[in-house]
Amino acid sequence: GAAGDPAVVAADDGGRTVRLPRPATRIVSLIPSATETLVALGVAGRIVGRTDYDVAPAVAARPSVGGGLDPSVEAIVALRPDLVVTWAHDAREQTRARLEAVGIPTFSLATEDTADAFRGMTRLGRLVGRDSAAAALVERVRAELDAVRGSVAGRERPSVLFVLGDDPPMTAGAGTFVAQLIGVAGGRATFADLAQRWPTVSMEEIVRRDPDVILLPVGARSAGRAEALARAPGWRSLRAVREGRVRTASADLVSRPGPHLGEAAQDVVAVLQRGRHQLRRL
């Protein structure tokens, strides 16, 4: 705002301009990567509510309002937030409409690719009055990704099938931060030629493309996933499954386009490294 005016103004990914009279101090974040960004910006103390999916130790003691797309609006209102960070791709938009009806400002973020992630960090920085911290965070994460990209330059690029869902199979297409992470880490997403961001694909097409490595994001809710996949019809006929090139990565790391993107890329490099000696023998 003008000199001496503490107001902050930012455009969100839903095409709305959000104006707060002053930087937000009571925030409910419905997006785990946004929660992690706020922690990285040094304002964890301003987060008053989170979702069931948040794992950041800094917010573990904060009350959960439920799921990111289906939170309890009553629980959010009870926390008296001055800002709620919501998903831009929530088609129903019920949460946003209900919150705005009671005068609670919302800010929606897209989380599809790394450009969204960097833009989100910058805008969250503005909303909490930490522009320079946000600029430094973006610079740090970009540098980490560049370092990972440089470390794998010139290597063969194995085809990596990221398995978001396994029945029916769902994976990462072009324009997703997951396909971009795999690229930075020296692989290529098996279905990166598909324009659809998170396509459902047929088992027949996976068999035809014959990925070198299968990458499964696993978390507390999906332990044992690799073993189950290796026994599943269709999947067990894949060379990568038969030859032990099913790899797991932390879902909390590789499924969140936020301040830990650099670590996520390093994680994927390590996963591909483990498979390299096997790939050389083929």
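Parameters and conventions
Here, residues in each chain are numbered from 1, in the same order as that chain's written sequence. Thresholds applied to this predicted model are a pLDDT of at least 70 for local features of residues and 80 or more for the giving and counting of side-chain atom pairs; totals over whole chains, interfaces and linings are not thresholded and use all residues. Computation of side-chain values: all heavy atoms of the structure, hydrogens and water removed. Each helix is a run of DSSP H or I of at least 4 residues and each strand a run of E of at least 2, with the numbering of both proceeding from the N terminus. Only protein chains enter the accessibility calculation, which uses a 1.4 Å probe; a residue is then buried when its area is under 20% of its type maximum, exposed when over 50%, and partly exposed in between. Under this definition, polar contacts are N or O atom pairs within 3.5 Å; protein pairs additionally need one hydrogen-donor-capable and one acceptor-capable atom, and for neighbouring residues in sequence, both atoms have to be side-chain atoms. Contacts are residue-level and defined by heavy atoms, with any inter-residue pair within 4.5 Å sufficient. Each Phe, Tyr or Trp ring, with Trp reduced to its six-membered ring, pairs with another whose centre is within 6.5 Å; inter-plane angles below 30 degrees give stacked pairs, above 60 give edge-to-face pairs, and intermediate values give tilted ones. The rule for pairing is simple: two strands pair if DSSP sees at least two bridges between them.

Participant: How do you make sense of the side chain of Ser29 when you look at a structure like this?
Facilitator: Here Ser29 is to be found in strand β3 (residues 27–29). The class of Ser29 is buried, set by a relative accessible area of 0%. Reaching out from Ser29, the side chain makes a polar contact with the side chain of Thr35 at a distance of 2.8 Å. Discounting residues that sit within four places of it in the chain, Ser29 has contacts with Ala34, Thr35, Leu38, Gly49, Arg50, Thr51, Asp54 and Val85.

Participant: Please explain the packing of aromatic side chains as it appears in this structure.
Facilitator: The description of an aromatic ring pair rests on the distance of the ring centres and on the angle between the ring planes. Per the counting criterion, the structure on display carries one aromatic pair. Seen in terms of ring centroids, Phe177 and Trp198 are 6.2 Å apart; in terms of plane orientation they differ by 70°. Their pairing is edge-to-face. Remark: Trp198 occurs in the loop between β10 (188–189) and α7 (203–209) and Phe177 occurs in helix α6 (residues 177–184); sequence separation between them is 21 residues. Classification of Phe177 by relative accessible area gives buried; the value is 4%.

Participant: Which parts of the structure should I look at to understand the pairing of strand β7 (residues 159–162)?
Facilitator: Residues in a regular strand project their side chains so that they alternate between the two faces of the sheet. The alternating pattern of β7 places Ser159 and Leu161 on one face and Val160 and Phe162 on the opposite face, and all of these are buried. Pairing analysis gives two bridges linking β7 to β10, with the strands arranged parallel. For Ser159, the partnering residue across the bridge sits in β10 and is Arg188. Pairing geometry for β7 and strand β11 (residues 213–218), over three bridges, is parallel. In the sheet register, Phe162 faces β11, and the bridge partner there is Leu215.

Participant: Any chance you could explain unusual backbone geometry here in plain terms?
Facilitator: Backbone phi values are negative for most residues with the exception of glycine, while trans is the configuration of most peptide bonds. With an omega of 0°, the peptide bond between Asp167 and Pro168 qualifies as cis. With respect to the helices and strands, the residue Pro168 is situated in the loop between β8 (165–166) and β9 (169–170). In the Ramachandran plot, Asp210 falls in the positive-phi region, its phi being about 50° despite a non-glycine side chain. One can find Asp210 in the loop between α7 and β11. Judged by relative accessible area, Asp210 falls into the partly exposed class, the value being 25%.

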